Each structure stands twice: as structure tokens, then as C-alpha cells.
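Summary of structural features
Chain residues, written in single-letter form:
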Amino acid sequence: MTFKSRQAIRLSDGRELVYFNEEAQVHRAEYPDTRQLPPPPPTSQLRYDPLIDEWVAVAAHRHTRTFLPPSDACPLCPSSPSFASEIPAPDYDVVVFENQFPSFSDRLQPDEITSLTDQVPVRAGVGRCEVICFTSDHNGSFGKLAPSRVRTVVDVLADRTAEMSALTGVAQVFPFENRGVEIGVTLHHPHGQIYAYPTVPPRTQQMLRAAGRYRDRTGRDLYTDVLAAERAAGVRVVASNEHWTAYVPAASRWPYEVQLAPHRKVPDIPALSDEERDAFGPLYLDVLRRFDALFGKPMPYISAWHQAVVGEGRELGYLHLQLFSIRRAADKLKFLAGSESAMGAFVNDVVPERAAKTLRSL
Ligand SMILES: [Zn+2]
């Protein structure tokens, strides 16, 4: 399964929405947005922290965003006669739209962009933030999707990655899903987000430096060598199929963390073959079921697609999915406290080999 048709509309405030339909003969674009929305807020400021060498986005308007609405007022459900949501059509398969409260957009407010001090340059947070709804079923979850729908979602992410990578000034496209109120999710409806960053995020910079150093030292490719070593060792592998391996990183930071890696090194989702896209869903759904089975209740998680950057360093990047949870026991969450938050130094009290063995056994 993939999407057979693609229909784009503008919401009443000018934001773009795209329906990805699994059947060709549906006409969702004919439903207009009947709401009278105010113009979207201007984009965030990027402020450079000279002490840490990092850019920080400051987005004041995000304070007012929707927080856990009742299910009959869910902005991600299809619209009904009694409630106009973000999605005007009465049903959808997969839909993507610009976030109403984006961290990055192309809506500049030039007056705000002034330098604070010589050491702290400021620039506009030019980029794009989208919401992706995986299903119109409010009470569903990604783990309950059919493999055919997961394939559609992968194709939609490929479409979005290609289109957002081509936008002026975009450095990296990052699709992700936050699941569970424990992670800070503000809407229960199954959905993810896609960020098009104007700068290369800190973790990606670290990964590029590591891959570059390894190549300089050995002449070899870091991703290829690490994946081959994990598959040979086997002790941290959770599950695998012909095209993908899911394993717990040897130095994982989180109590339960799994990387899903394609066996062929590719820069991003658009570069995946048909066979690789088809093989992803069954393995990922298997890992999500193991996550939910760990403590007998829905596991809060963050699922993060790491892709190659758009510009310099692209050849060092590699696609993989990082899935991790902050739940370390049935009634215990790992909070990022002093060492992690203040120093960026992680202490993980679940041994990765034990985590892998537990996940394998479920
Ligand atoms: Zn909903």
C-alpha cells in the first residue's frame, strides 16, 4: 500500500494541508476550512549561545497552544457537522499540515531580529514545522496501525523530507513522534511532527564529527562497521529481518532504547527502496509491541528519524530510527536530573544487554 493520490489545500489562515489518500477516487480537497482563524504567529528567534556553541530557538507564542482537549474537540480528528477541526474533510488516511504554533516557519517579523550583544547574534528561525496524523482513529496508536498503513506513512515522510529539504535555508529534516503524557504530549490523537531545522542540531553535529574522525583514522564508514559488529555480536539485537536490524546501542543513554537500522547505508527516507520501505513496518510494529509488553501498559516513547543533513557533511550522515522510553520500571520514570540536564552526562541504570534480552523474550 502507498498513497494513490495527494491533494493540497490552504486552511483559512493560509497554512498548507496535504491529504495523502490510499484510494485514488476520493475528493477531500473540496471541503473548505470553515473556521475564521487569525494569522499564524511569526517565526521564532534563534539566539546563539557563545559559551556552548549552540543555537537556541525562542518561540514565545507556543505557550498558548492547545493542551489535552476533550475528544469531541480534538483538532486532529476529521471535521464533523458539530466541530470544525484542523482537518476540514469528514475522513482521511494520512494527512499533513503546517503546525499552527510552529517553532520554525517562513513568517518573519523583522523588527524582532536585532543583535543582543556582540557575542550573541540573533537570526530568524526560518524553517518549517508540520504535523502528521497517522490515522483518523482518535483512539488508535502507531503500534496498532496495519503494516500497509505504516508503508503509507513512510512514503509520506519521504515526500515531506524531499520537499522540505528543498526549502531555502533548511539544514536538516527531522520526523519524530512523542507518545504519552509522560513525554509531554498535549494531544492524544496519534500523530507525529516533522521539523525542518535552519541549523544543524547539536546531536547531529556530534554524530558528524564522530563519523568524520572515524573515516579520517580508518578510511572506513562508521555506520557500516557499527551495524556489522552489532549483528555479529547479536547480544544486543532485539529483532531483525532481511533489510533492517533493531538493536539496543551498547552505550544507550535511556533505560529502553532501540535503533532500527537499514542494512544498506542510505542518507534519508527518500533513498529507501520499495523493499526496504515494505520491510520496515513489520519490524517496527514488532518492536513497539515489545515496548508495550514490557510493563503491561502503553509505553511512553520518543521515536526519532535521524537523516543526513541537507548541506555540508551529507555524505557522513545515515538514516536510522532511534526509539527510546523514559520508563525504567512499571511505576518509575527516568527524569533528566542534575548530571543529564546540567552536564549532558548520562547515567543509565539498565544494562543494555539486559534490556535487549528482556525485549527479545517478550
Ligand atoms: Zn482526535
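These lines cover the structure that appears in this document, whether it is placed above or below. (Residues numbered from 1 in each chain as written. Predicted model: local features only at pLDDT ≥ 70, side-chain atom pairs only at ≥ 80, totals over all residues. Heavy atoms only, no water.)

**Details of the nonpolar core**
Where a protein is soluble and globular, its nonpolar side chains tend to be buried together. Which entries qualify depends on this criterion: Here, nonpolar core means buried Ala, Val, Leu, Ile, Met, Phe, Trp, Tyr and Cys residues that are tied together by side-chain atoms lying within 4.5 Å of each other. The buried label applies to any residue whose accessible area, calculated with a 1.4 Å probe on protein chains only, is under 20% of its type's maximum; exposed applies above 50%, and partly exposed to all values in between. Helix and strand assignments come from DSSP, with helices taken as H or I runs of at least 4 residues and strands as E runs of at least 2, each series counted from the N terminus. These domain limits were set by an automatic method or by a database of domain assignments.
Residues Ile132, Phe142, Trp244, Val258, Leu260, Phe280 and Tyr284 are the most contacted members of the largest nonpolar core, which totals 49 residues. Broken down by element, the residue count for this core peaks at nine residues, all from helix α4 (residues 274-294). Counting the residues that make up this core, at least three belong to each of domain 1 (5-199) and domain 2 (203-361).

**A short note on the sheet that holds strand β4 (residues 54-58)**
What counts here: Two strands pair under a simple rule: DSSP has to find at least two bridges between them. Here the axes come from fitting lines to C-alpha atoms, over the contacting stretch only for helices, and the angles between their N-to-C directions go from 0 to 180 degrees.
An order of β4-β3-β6 is seen for the three strands of this open sheet, with the pairing classed as antiparallel. A strand with exactly one partner marks an edge of an open sheet, and here the two such strands are β4 and β6 (122-124). On average, adjacent strands in this sheet sit at an angle of 30° to one another, irrespective of strand direction. Direction of pairing for strand β3 (residues 45-49) relative to β6: antiparallel, over a ladder of three bridges. Looking at the pairing, Arg47 lines up with Val122 of β6.

**Points about the pairing of strand β5 (residues 94-98)**
Among the five residues that make up β5, five are buried, leaving the element largely enclosed by the rest of the structure. Side chains Val94, Val96 and Glu98 of β5 all project onto a buried face; the interleaved residues Val95 and Phe97 project onto the opposite face, where all are buried too. Where strand β2 (residues 16-21) lies against β5, four bridges are found, and the strand directions are antiparallel. Looking at the pairing, Val18 lines up with Val96 of β5.

**What about the coordination of the zinc ion?**
Where we set the bar: The donor set covers N, O and S atoms within 2.8 Å of the metal, switching to 3.2 Å for Na, K and Ca, and it leaves out water, so a site may look short of donors. Key to geometry: four donors with every angle between 85 and 135 degrees are tetrahedral; four donors are square planar and six octahedral where opposite donors lie over 155 degrees apart and all remaining angles lie between 65 and 115; all other sites are irregular.
Taken together, Cys74 (SG), Cys77 (SG), His138 (ND1) and His189 (ND1) make up the full set of protein donors to the zinc ion, lying 2.1 to 2.3 Å away. Note that the zinc ion binds four donor atoms; their angles at the metal cover 102 to 118°, and the shape is tetrahedral. If you list the donors of the zinc ion from N- to C-terminus, the spacing comes out as C-x2-C-x60-H-x50-H. Of this pair, His138 sits in the loop between β7 (128-133) and α1 (147-165) while His189 sits in the loop between β8 (172-179) and β9 (191-197), placing them 51 residues apart in sequence. In terms of burial, His138 and His189 fall into one category: buried.

**Things to note about the pattern of salt bridges**
Inclusion rule: The term salt bridge refers to a pairing of a side-chain nitrogen on Lys or Arg with a carboxyl oxygen on Asp or Glu at a separation within 4 Å.
Within this structure, the stated rule accounts for 32 salt bridges. Salt-bridge contacts for Arg28 lead to Asp93; the nearest nitrogen and oxygen are separated by 3.5 Å. Of this pair, Arg28 sits in the loop between β2 and β3 while Asp93 sits in the loop between β4 and β5; the two residues are 65 residues apart in sequence, bridging distant segments of the chain. One exposure class covers both Arg28 and Asp93, and it is buried. Notably, a salt bridge pairs Lys265 with Asp221, separated by 2.8 Å at the nearest N-O pair.

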